[in-house]
Amino acid sequence: MTPTTPTITADSTGAGPLVDLDVVDATLREALRAGGEWAELFAEDRSSTGVLFDEGRVEEMNSGRDRGVGIRVTAGEVTGYAHTSDMTPEGLADAARTAAAVATRSPGGGTVDMESFRGGGTTEPRVKVLPTTVGADRKVALLRAADEAARSTHEAITQVTARYADSRRRILVANSHGVCAADDQVRTLFSVSCVASGDGGLQTGRETVGYTVGWELFDDCDPAELAQRAAQRAVTKLAARPAPSGEVPVVIARGGGGVLFHEACGHGLEADLVRKGASVFRDRVGSQVAAEGVTLVDDGTMGPEWGALRIDDEGHPTQRNVLISDGVLSDYMWDWLRSRDDGRAPSGNGRRQSYTHLPMVRMTNTFVTNGDIDPDDIIADTPTGVYVAQLGGGQVNTATGDFVFGMTEAYLIEDGKITEPLREGNLIGNGPQVLVDIDAIGNDFAMGHPGTCGKDGQGVPVGDGQPTLRVRALTVGGTAA
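Residues numbered from 1 in each chain as written. Predicted model: local features only at pLDDT ≥ 70, side-chain atom pairs only at ≥ 80, totals over all residues. Heavy atoms only, no water.

Brief notes about the overall build of the protein
Check the secondary structure of the protein and you find 10 helices and 24 strands. Taking 23 Å as the expected radius of gyration for a compact globule of 481 residues, we find that the protein reaches 24 Å, a close match to that expectation. C-alpha atoms of the protein, sized along the principal axes, occupy 75 × 55 × 35 Å. Looking at the protein residue by residue over its 481 residues, the buried ones come to 56%. The contacts of the protein with a sequence gap of at least 6 include a subset with a gap of at least 24, amounting to 75%. Carbon and sulfur atoms provide 47% of the accessible area of the protein, an area that totals close to 19,000 Å². For the protein, the distance from the average position of its 44 positive side-chain charges to the average position of its 68 negative side-chain charges is 3 Å. (Helix = DSSP H or I, 4+ residues; strand = E, 2+ residues; numbered from the N terminus. Rg over C-alpha atoms; globule rule 2.2 N^0.38 Å. Buried < 20%, exposed > 50% of the residue type's maximum accessible area, 1.4 Å probe, protein only. Contact = heavy atoms within 4.5 Å. Areas by Shrake-Rupley, 256 points an atom, 1.4 Å probe, with all protein chains shown as cover. Lys, Arg positive; Asp, Glu negative; His and termini not counted. Charge placed at Lys NZ, Arg CZ, Asp CG, Glu CD.)

A word on the packing of aromatic side chains
All told, the structure shown has eight aromatic pairs when counted by the stated rule. Pairing F190 with F218 gives two aromatic rings, centres 5.8 Å apart and planes at 85°, and the pair type is edge-to-face. Of this pair, F190 sits in strand 6 (residues 179-198) while F218 sits in helix 4 (residues 217-220), and the two are 28 residues apart along the sequence. As far as burial versus exposure is concerned, F190 and F218 are alike and both buried. Taken together, the ring pairs in this structure connect Y164, F190, W215 and F218 into an aromatic cluster. Its end group placed over the ring of W306, R187 keeps NZ or CZ at 5.8 Å from the ring centre. Over the ring of F42 we find R352, and its NZ or CZ is 4.0 Å from the ring centre. (Phe/Tyr/Trp six-rings, centres within 6.5 Å; stacked < 30°, edge-to-face > 60°. Lys NZ or Arg CZ within 6 Å of the ring centre and 35° of its normal.)

A look at the packing of helix 3 (residues 136-153) against helix 5 (residues 223-238)
At a closest axis distance of 8 Å, the pairing of helix 3 and helix 5 adopts a crossing angle of 35°. Taken as a pair, helix 3 and helix 5 cross one another with a handedness that is right-handed. Where helix 3 approaches helix 5, its residues L142, A145, A146, A149, A150 and T153 are matched on the opposing element by P223, A224, A227, Q228, A231 and Q232. Tallied by class, the residues present in the contact of helix 3 with helix 5 amount to nine nonpolar, three polar and no charged. (Axes fitted to C-alpha atoms, helices over the stretch in contact; angles between N-to-C directions. Left-handed = near helix turned anticlockwise from the far one by under 90°. Nonpolar A, V, L, I, M, F, W, Y, C, P; charged D, E, K, R; others polar.)

Looking at empty space enclosed by the protein
Any space left empty among the atoms is revealed by the rolling of a water-sized probe across them. Evaluation of the coordinates by the stated rule reveals one cavity of 30 Å³ or more. Counted as a void, the largest cavity has a volume near 30 Å³. Along the walls of the largest cavity sit R233, T236, K237, E409, A410, Y411, P421 and L422, which together make up its complete lining. Classifying every residue of the lining of the largest cavity by side-chain character gives four nonpolar, one polar and three charged. (1 Å grid on protein atoms, 1.4 Å probe; cavity = no way out; pocket = protein on both sides within 12 Å on 5 of 7 lines; lining within 4 Å. Points joined across faces, edges and corners; volume = space filled by probe spheres on them.)

Comments concerning the side chain of E314
The topology assignment puts E314 in the loop between strand 10 (296-299) and strand 11 (320-325). In terms of polar contacts, E314 uses its side chain to reach the backbone amide nitrogen of W336, at 2.8 Å. Filtering out sequence-adjacent residues up to four positions away, E314 remains in contact with E40, R72, V173, V179, D335, W336, L337, G350 and P359. (Polar contact = N/O pair within 3.5 Å; in protein donor to acceptor, adjacent residues only side chain to side chain.)

A few points about helix 6 (residues 258-266)
By the criterion of burial, helix 6 is predominantly enclosed, with seven of the nine residues buried. Here helix 6 has its buried residues at G258, L260, F261, H262, A264, C265 and G266.

Some points on the layout of surface pockets
Quantified by volume, the largest pocket comes out at close to 1,100 Å³. Along the walls of the largest pocket sit 50 residues, with L189, W306, P450, G451 and T452 positioned nearest its centre. Broken down by element, the lining of the largest pocket gets its largest block of residues, six residues, from strand 23 (residues 458-466). Of the residues belonging to the lining of the largest pocket, the class tally is 12 nonpolar, 25 polar and 13 charged. Taken as a whole, the second largest pocket spans an internal volume of roughly 510 Å³. E207, T208, R229, M447 and H449 are the residues nearest the centre of the second largest pocket, which is lined by 28 residues in total. Listed by contribution, the elements that provide at least two residues to the lining of the second largest pocket are strand 7 (201-211), helix 5, strand 16 (384-396), strand 21 (446-447) and strand 23. Counting residues per element, the lining of the second largest pocket draws most heavily on strand 7, which supplies five residues.

Details of the nonpolar core
Membership of the largest hydrophobic core comes to 43 residues, with the highest contact counts inside it found for L260, F261, L269, M407 and L427. Among the elements that make up this core, the one with the highest residue count is strand 17 (residues 402-414) (five residues). Not counting chain neighbours up to four residues away, the residues in contact with L427 comprise V250, V388, L391, F403, V404, F405, M407, L474, T475 and V476. Membership of the second largest hydrophobic core comes to 32 residues, among which are V134, A162, C221 and L226. (Core = buried A, V, L, I, M, F, W, Y, C linked by side-chain atoms within 4.5 Å.)

Here's what the structure looks like:
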């Protein structure tokens, strides 16, 4: 049967569907021939470019491309998965049979509903200028300008590393229940890392900007200004005093602590971890889990943020999912498999690193929404404490919510004012307890830096953010007596 309803067209660059829809039809039918109940085809074409500029010269320049298809077949609770880079009809049929061999009941178990294909889509990228149309010389020129700007900021700057990266990921997702959708995801990123040397030893500063946009990123982003901010951060930390130790009020700057909520709270709201009993939020929908006024959202439609997508990697439209509303747990994030078992619709959170991976529940752009307090008033109303301008990496136990995060930029708060910079400090606490202990939320919401979220060996691009907010008590692990 030849499908006629989907509208998956060629884009302005001349790229057509990754797999012809009649081949999709045949592949899905082959996948169900051995008795599977449901089958899915995920096709991907990914290309990327990267340039590393270190110590005044181009250290690395690379580009790559990867194409392939993953076939998933389910029968009850059993899932079979196979992937191949052979995108011929014969190669796809072989992969379909391999996946079906695992998830088999009896011949004729499932059917392919091609006539009611829904979702459609287009392979048109949402960018003004594809980065692949820009020459390498222009990319290197931006890196060189960033290097020069950073070094001219202060004589203490002894090392500068700048990086440019872009990627384009085209996907096609179709399944035997009638889903058929496509997306074309373009991302561009620029980062600068500086090292300053002084009596306080070596200190680092870093700035990164990245969005789901093309070369037009640099219409609004000046690499030289980015580099100067990174350099100034490193120089400021030369005069920093060791962070104190103990439990104190902590004010987290807008955009600077979204990673805390992503890691310490967001993962615990992913339905697969909830089902495994690896989440402290299990069986708590409808319960008060945060202070009044705290609303936590995951939003894949939030273009052009780093985690924005038209569809997830199961072909379902992304959406704005309110996870915690005014302190009350309202929902989890769902992929197709978990939502099927619970008799509900997916939330657009089924994501995978590539066609070689099975999808799982993942965040997109996760953030705490605005409050109504002027951020200056939050500082003024904090007699003593720590002001965290930027959090770094950390570790989280999703089953308990316990975490440790490094503070890459932090300051003392004394008499309601931000004073001395701090170094060598960590934030130690518990994610669910942090939600309860938030006692002031600013009106200055901002997203933070682009990130890559790792889970079960897979990494996907994500965003996070929050307004300025205060946690009434967190443990600071410092080195000062």
